[in-house]
Amino acid sequence: MEVETEDKPPGSPLIRDFDIGNYLANYNFFLKYEGVNPTGTQKDRISKKHVENAIEKGYETISVATCGNYGASIAYYARAMGIKAVVGIPSEYSNSRYAEIAAYGAEVIEKPLKYEEMVEHIRDQADRNGWYDASPGSQNKDIDIAGYSEIAYEIYDQLGFAPDYVSVPVGNGTTMYGIYYGFLKLMRSGRSDKIPSFIGASTAGGNPVVYSFMNGFRRIVELDQNSIVETHSNEPLIAYRSYDGQRALDALYKTNGKASYVSDEEMVNMSRGFREIDHLSVLPASASAAVTALKYAADNICVIVLTGSDK
Ligand SMILES: Cc1ncc(COP(=O)(O)O)c(C=O)c1O
């Protein structure tokens, strides 16, 4: 299958739920809908920058370990800008993005490893083979913060002010920390008079950031590998190690934030509501951030970061 790719910068609308349906219309919620990006998620924010950085530094191959979304995004931009992508996916992941990744011409490495093991495996392969590694926690990870900060700048420009809360789905914690950092820069430069409080949503199957926050720990803890439970819905969020977990945890404390686990059923129901009432396609894992927004920010101005789903 041949697919079209385009070297297009990501960027997303801020939608007042009130304007598209009545699903969450009784609340002051704004949807930062990353589903419009070329591969439908916020990962496009960082993938384009990683591919550009790889090319600038003279690499011919870019690698990434992924649960699916990030791999699709790196493969897309690698194709659009003309370098090779190697994408490592744990074979037990049931996600639907394999075909898309292959269609972008990426080499797919599938192995019976946990996600975190795949991150280590790909990093090792990148070192041996001279690839640029874009996996979480790699030496190139500062790019992630620059990419996700742009979500904060867009929110600020679209609203005209900083909201009370920003609710974000959490896996490695990178997206949350990057948005926090963007607001921090806006405040330090004198543009914004405040940083929103952050709300972290993750899977009841287990996540170090939410677990550590709920238990009042200031230092992030890793979870027991055997205690985490992967399902079709929670794959982007489930983790025993969060690569930017400490920074996300700090952001939660510094902004007087909130965090909680969300069940698969709650995510799926929320996603269904967006689809049936708002006619908006939202990945269930991402819809977790709307569940936590309702839980903690029902009386406030809250921006919910959402990604798309073709299901
Ligand atoms: C759709 C979606 N939402 C949220 C996340 C979690 O983001 P982060 O790992 O930056 O916390 C991911 C990560 O893969 C994702 O694909």
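Parameters at a glance
- Residues numbered from 1 in each chain as written.
- Predicted model: local features only at pLDDT ≥ 70, side-chain atom pairs only at ≥ 80, totals over all residues.
- Helix = DSSP H or I, 4+ residues; strand = E, 2+ residues; numbered from the N terminus.
- Buried ≥ 20, exposed ≤ 12 C-beta atoms within 10 Å, placed from the backbone.
- Contact = placed C-beta atoms within 7 Å.
- Core = buried A, V, L, I, M, F, W, Y, C linked by C-beta atoms within 7 Å.
- Domains from an automatic or database assignment.
- Nonpolar A, V, L, I, M, F, W, Y, C, P; charged D, E, K, R; others polar.
- Expected span 1.5 Å × (residues − 1).
- Near = placed C-beta within 6 Å.
- Pairing = 2+ DSSP bridges.
- Axes fitted to C-alpha atoms, helices over the stretch in contact; angles between N-to-C directions.
- Parallel < 35°, antiparallel > 145°, perpendicular 65-115°, else oblique.
- Left-handed = near helix turned anticlockwise from the far one by under 90°.

Engineer: Outline the overall build of the chain, listing residues and values.
Structural biologist: Scanning the chain for helices and strands turns up eleven helices and ten strands. With the C-alpha coordinates aligned to their principal axes, the bounding extent of the chain is approximately 50 × 40 × 40 Å. Counting only residues that meet the buried cut, the chain has 55% of its 311 residues in that class. When contacts within the chain are restricted to residue pairs at least 6 apart in sequence, long-range pairs at least 24 apart make up 71% of them.

Engineer: Please provide a residue-by-residue account of the nonpolar core, values included.
Structural biologist: Ranked by size, the top nonpolar core spans 89 residues in total, and within it Ile-62, Ile-74, Ala-75, Val-87, Met-176, Ile-179 and Ile-304 carry the most contacts. Broken down by element, the residue count for this core peaks at seven residues, all from helix α3 (residues 69-81). Mapped onto the domain boundaries, this core takes at least three residues apiece from domain 1 (14-42 + 142-306) and domain 2 (44-133). Beyond its immediate sequence surroundings of up to four residues, Ile-179 is in contact with Tyr-148, Ile-151, Ala-152, Val-166 and Val-168.

Engineer: I'd like to hear about the domain arrangement of the chain, residue by residue, with values.
Structural biologist: Examined at the domain level, the chain breaks down into domain 1 (14-42 + 142-306) and domain 2 (44-133). Between the C-alpha centres of domain 1 and domain 2 the distance comes to 24 Å. With 20 residues of domain 1 at the contact, the number on the domain 2 side is 19 residues. Within the side of domain 1 that touches domain 2, the residues separate by chemical class into eight nonpolar, seven polar and five charged.

Engineer: Lay out helix α2 (residues 44-56) with the relevant residues and their values.
Structural biologist: Here α2 contains 13 residues, and its C-alpha end-to-end distance of 18 Å stays within 8% of the 18 Å for a straight helix at 1.5 Å per residue. Residues of α2 that are buried make contact with β3 (61-65), α3, β6 (132-133) and α6 (142-159).

Engineer: Explain the site of the ligand to me, and be specific about the residues and the numbers.
Structural biologist: In the vicinity of the ligand, 17 residues are found, and the nearest of them are Gly-171, Asn-172, Thr-174, Thr-175 and Pro-236. If you list the elements that add at least two residues to the shell around the ligand, you get α3, α7 (174-188) and α11 (284-296). Residue classes in the shell around the ligand are distributed as eight nonpolar, nine polar and no charged. A domain split of the shell around the ligand shows at least three residues from each of domain 1 (14-42 + 142-306) and domain 2 (44-133).

Engineer: How would you explain the sheet that holds strand β1 (residues 14-16) if you had to name every residue and give the values?
Structural biologist: Sheet strands pair via backbone hydrogen bonds, and the direction of the pair is either parallel or antiparallel. Ordered by their spatial adjacency, six strands build an open sheet running β1-β2-β10-β7-β8-β9, and the pairing between neighbours is mixed. Each edge of the open sheet is held by one strand with a lone partner, namely β1 and β9 (258-262). Here the average twist between neighbouring strands, direction ignored, is 25°. Both β1 and strand β2 (residues 29-33) contribute to a ladder of three bridges, which runs antiparallel. Bridging across to β2, Arg-16 finds its partner in Phe-30. In the packing of α7 onto the sheet, contacts are made with β7 (165-169), β8 (197-203) and β10 (302-306), and the angle to β7 comes to roughly 155°.

Engineer: Give me the lowdown on the sheet that holds strand β5 (residues 107-111), citing residues and values where you can.
Structural biologist: Taken together, four strands build an open sheet; the order of strands is β5-β4-β3-β6 and the sheet is parallel. Looking at the sheet topology across the chains shown, the edges are occupied by β5 and β6. One ladder, built from two bridges, connects β3 with β6; its direction is parallel. Note that in β6 the partner of Ile-62 across the bridge is Tyr-132. The sheet strands contacting helix α5 (residues 115-129) are β3, β4 (84-90), β5 and β6, and the helix crosses β3 at an angle near 160°.

Engineer: Kindly report on the packing of α2 against α6, identifying the contributing residues and their values.
Structural biologist: In a packed pair of helices, the relevant descriptors are the angle between the two axes and the axis-to-axis distance. α6 packs onto α2 with a crossing angle of 140° between their chain directions and a minimal axis gap of 8 Å. As far as their axial angle goes, α6 and α2 are oblique. Handedness of the crossing formed by α2 with α6: right-handed. Across the interface between the two elements, Arg-45, Ile-46, Lys-49, His-50 and Asn-53 of α2 pack against Ile-143, Asp-144, Ala-146, Gly-147, Tyr-148, Glu-150 and Ile-151 of α6. Here the residues of the contact of α2 with α6 sort into five nonpolar, three polar and four charged.

Engineer: Give a detailed account of unusual backbone geometry, specifying residues and quantitative values.
Structural biologist: Here the phi dihedral of Asn-256 falls at roughly 55°; this positive angle occurs in a residue that is not glycine. In this structure, Asn-256 sits in the loop between α9 (245-254) and β9. For Asn-256, a count of 9 C-beta atoms within 10 Å translates into the label exposed.

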